[in-house]
Amino acid sequence: MSIEQDDPQAPESAELPNVNRRQFLGGAGAAVVGVSAGALAFAPKGEAAGVATGVEADSIITGEANIGRTLASYNFRVNAAKIRRDAPHPQHRSNGDEARYPTRIGSYTKGLPHNEFGEVSASAYSKMLKALQTGSPADFEAIPLGGPRFQTSPQSGLAFDLEGLDAQAVTAPPAPQLSSAEEAGEAVELYWMALLRDVPFDNYETNDLAIAAAEDLTSLGNSFKGPKEPGNVVTPQTLFRDPLPGTLNGPYLSQFMLKGTPYGSEFVDRRSRVFAEGDDHMTTFDNWLTVQNGGVNETTTFDPTRRYMRNGRDLSAWVQMDVLFQAYFNALIIMGTPPSSFDQNADGMGCPPNPTNPYSNSANQIGFATFGPPHFAALLCEVATRALKATWFQKWFLHRRLRPEAFGGLVHLQKTQDRYPGILHNNILNSPVLDATFEKYGSYLCPMAFPEGSPTHPSYTAGHATVAGACVTILKALFDETFIIPNPVRVSDDGLSLLPYTGPPLTVLGELHKVCSNIGTGRNIAGVHWRSDAIQSFKLGEKIAISILEDQKASYNEIRRGFFKEYIFTKFDGTTARF
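The structure presented is a predicted model; accordingly, all values stated were derived computationally and were not measured.

Parameters at a glance
Residues numbered from 1 in each chain as written. Predicted model: local features only at pLDDT ≥ 70, side-chain atom pairs only at ≥ 80, totals over all residues. Heavy atoms only, no water. Helix = DSSP H or I, 4+ residues; strand = E, 2+ residues; numbered from the N terminus. Buried < 20%, exposed > 50% of the residue type's maximum accessible area, 1.4 Å probe, protein only. Contact = heavy atoms within 4.5 Å. Polar contact = N/O pair within 3.5 Å; in protein donor to acceptor, adjacent residues only side chain to side chain. Phe/Tyr/Trp six-rings, centres within 6.5 Å; stacked < 30°, edge-to-face > 60°. Lys NZ or Arg CZ within 6 Å of the ring centre and 35° of its normal.

**So, unusual backbone geometry**
- Omega for the bond connecting Y460 with T461 falls within 30 degrees of zero, at 0 degrees, which places this linkage in the cis form.
- When you line up the elements, T461 lands in the loop between α16 (432-441) and α17 (463-478).
- With a phi close to 55 degrees, D418 is a non-glycine residue in the positive phi region.
- With respect to the secondary-structure elements, D418 resides in the loop between α14 (404-417) and α15 (426-429).

**Notes on helix α11 (residues 312-321)**
- Burial within α11 is extensive, with eight of its ten residues counted as buried.
- Among the residues of α11, those classed as buried are G312, R313, D314, L315, S316, A317, W318 and V319.
- In this structure, the buried residues of α11 make contact with α12 (326-336), α17 and α18 (508-525).
- The opening residue of α11, the one whose side-chain oxygen lies 3.1 Å from the backbone nitrogen of R313, is N311.

**A word on the side chain of T391**
- Positionally, T391 belongs in helix α13 (residues 373-399).
- On the accessibility criterion, T391 (0% relative accessible area) is buried.
- Sequence-distant contacts of T391, defined by excluding residues within four places in its chain, comprise T461, A462, G463, T466 and L540.

**Regarding the packing of aromatic side chains**
- Overall, the coordinates contain 20 aromatic pairs when judged by the stated rule.
- Measuring from ring centre to ring centre gives 5.9 Å for Y204 and F240, while their planes differ by 90 degrees; the resulting arrangement is edge-to-face. A residue pair is termed long-range when its members are at least 10 positions apart, and Y204 in the loop between α8 (181-195) and α9 (208-219) and F240 in the loop between α9 and β3 (261-263) qualify at 36 residues.
- Aromatic side chains Y359 and F563 sit 5.4 Å apart centroid to centroid with 70 degrees between the ring planes, which places their arrangement in the edge-to-face category. In this pair, Y359 is assigned in the loop between α12 and α13 and F563 in the loop between α20 (557-560) and β7 (568-570), connecting sequence segments 204 residues apart.
- If you follow R273 out to its NZ or CZ, it ends over the ring of F302, 3.6 Å from the centre.
- A cation sits over an aromatic face here: K395 above W392, 5.1 Å from the ring centre.

Right under this line is the structure:
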């Protein structure tokens, strides 16, 4: 495996880590061989059969049968490992910004010491690079901090997994470069997202600011990669959405983010704790600099009333506090619970399983531990941490992309001091969104929804979005994606009630893609991620989930005996997955 800078003009003197898996194994090879040999040694025949004092021999499975099962299990695991061993390994490529800018202004530096302009200490960054190159826990402990916030789990990108693709066997393309038109276009969108946080999604069609945002993003042409209507036009209906099948249909928020969730005999009403209107942060340079050094000197103000999410600020609050796979577990329960007659708002959907489920047409069996509810629930959660390990490798050991808040600092310093001439693209520097931002806040910084700004790990790829891609892929493999959502709803402008939605039918596929988009883009609306962070991370999570489904297939009797043939579902790019 190699890591390369995607820049033929990168300085030769740039010290970039060339991560090699072998160097992290060190001398572990001999130890692994020793452990394996001991673990694979068979116990005496009596012990293998489970024979113990006072146990009748004919009351247990014979030793020969146990040994046969042990050998079959061993061969299954070895063959699965060989398949992964022989699979092509990707070439990992970054966008070259780390080598391109010796001051590291195009890279993630949050939490390290910075100068008065928010530029990182060269020695601190070098120590971080050394730790990422050696993988030594001692070197990670030696990374200096600029404030009280700790760096988040950089070593997890070096972890191995026992099923599915290895964390380093998947990759994402290079992120847009700091000076590119695409990066500028993503920044323009982020500034508009910040200004529109308090506007209900359903009001975009008539809101002057939303209409202005759509016109500005349209003016960027192909450098803006968001969805558009015919004529290459961004409209209020496509604003801040993603180009996934079904996400442009109906209300902005997925039905799985709105409908009540029956947890067995319990019930969760979906009104949430939300931020107070206008609760923006990091709009002064002094506060911005404090946060870059790892400090926090502001607090969150909450609305005293719980509300159904209706705007970007409400969604920002949700994605700050959510549990790792919460949105998708909610969707699983909503789909999997049968409808009831006593309370429509507490109803499950009763969505049938994917038609490929082996028990869909069984004459006398239902799925449970395999191809049934416990299997579905466990599998959904299982992929989440594996997705995180893959994305954490991309974050720390490859891309180290700066967070949008850091880009906002560059914009502010360029507009006020001309500090970075010729670096930032005119698409952001000349956008009317900057004038609107300055008029409201008195600075050109990108306002954040969280007082601490982003988490203390690099921006690309995105943890929330990678987990979203993995979990939603599992749900599409398990449920019938063509199922029409019953009793769809939308949110009142005040967020206090759910109202009937009366537009075109909404499908499980579209609403699953939409919940994926809501979580990924919700992090963008909060100001902590970029559009490309989310889009590429959905695909990364999809690869991880498919690899786990592939590895598990051969372990099920239903598959080995021909009772189950293949998974079939629609991928994020609209093509069909069949395996």
